[in-house]
Amino acid sequence: MHRPALFFALLFSSFAAGCAGSDPCEVVCAKNAECQPDGPGKETCAALCVELSDRASYADAIEHQAACYEEEDWSCDALASGACDYSPED
């Protein structure tokens, strides 16, 4: 998967929850910056994350994503392969 595509796939397809407390947006965006060094960067990611987190489904996804990232020190390859993909339950 191309790096920009991976960034947006990670950002939009499987992110989980609001950007407060231990700041899930910071956790998710830090990992994106690590795995996408030529991507938009942590600050741009975090700003977009905060902007979108007023939507409950997005906020929930960011929370789950951050928890997965903190659960294990996933490699970028493992994440690109879907290690932390989050699909909301129906």
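Use the structure listed above.
Residues numbered from 1 in each chain as written. Predicted model: local features only at pLDDT ≥ 70, side-chain atom pairs only at ≥ 80, totals over all residues. Heavy atoms only, no water.

Caption draft 1: The arrangement of the overall build of the protein in detail. On a plain count of helices and strands, the protein comes out with five helices and zero strands. Element order for the protein, N to C, with α for helix and β for strand: α-α-α-α-α. In the protein, which comprises 90 residues, the proportion classed as buried is 39%. Residue pairs in contact within the protein that sit at least 24 positions apart in sequence constitute 69% of those at least 6 positions apart. Of the accessible surface of the protein, which amounts to about 5,100 Å², a share of 51% is contributed by carbon and sulfur atoms. (Helix = DSSP H or I, 4+ residues; strand = E, 2+ residues; numbered from the N terminus. Buried < 20%, exposed > 50% of the residue type's maximum accessible area, 1.4 Å probe, protein only. Contact = heavy atoms within 4.5 Å. Areas by Shrake-Rupley, 256 points an atom, 1.4 Å probe, with all protein chains shown as cover.)

Caption draft 2: Representation of the pattern of salt bridges within the structure. Scanning the model with the defined rule gives three salt bridges in all. Counted as one network, the salt bridges with shared partners bring together Lys31, Glu34 and Asp73. (Salt bridge = Lys/Arg side-chain N within 4 Å of Asp/Glu carboxyl O.)

Caption draft 3: Structural context of the packing of helix α2 (residues 24-35) against helix α3 (residues 42-52). Where α2 contacts α3, the two axes come as close as 9 Å, and the packing angle between them is 145°. The chirality of how α2 crosses α3 is right-handed. Contact residues: Cys25, Glu26, Cys29, Ala30, Asn32 and Ala33 in α2; Lys42, Cys45, Ala46, Cys49 and Val50 in α3. For the contact of α2 with α3, a count of residues per class yields eight nonpolar, one polar and two charged. (Axes fitted to C-alpha atoms, helices over the stretch in contact; angles between N-to-C directions. Left-handed = near helix turned anticlockwise from the far one by under 90°. Nonpolar A, V, L, I, M, F, W, Y, C, P; charged D, E, K, R; others polar.)

Caption draft 4: Region of interest: α3. Looking at α3, one finds that the buried residues are Cys45, Ala46, Cys49 and Leu52. Looking straight down α3, one finds that the buried residues subtend no more than 135° of arc, so they occupy a single side. Away from the buried face of α3 by more than 90 degrees, exposed residues Glu43, Val50 and Glu51 are located. (Arc of directions from axis to C-beta.)

Caption draft 5: Main features of the environment of cysteine 68. Structurally, cysteine 68 is set in helix α4 (residues 56-71). Measuring from C-alpha to C-alpha, the distance between cysteine 68 and aspartate 85 comes to 8.9 Å, with 17 residues separating the pair along the chain.

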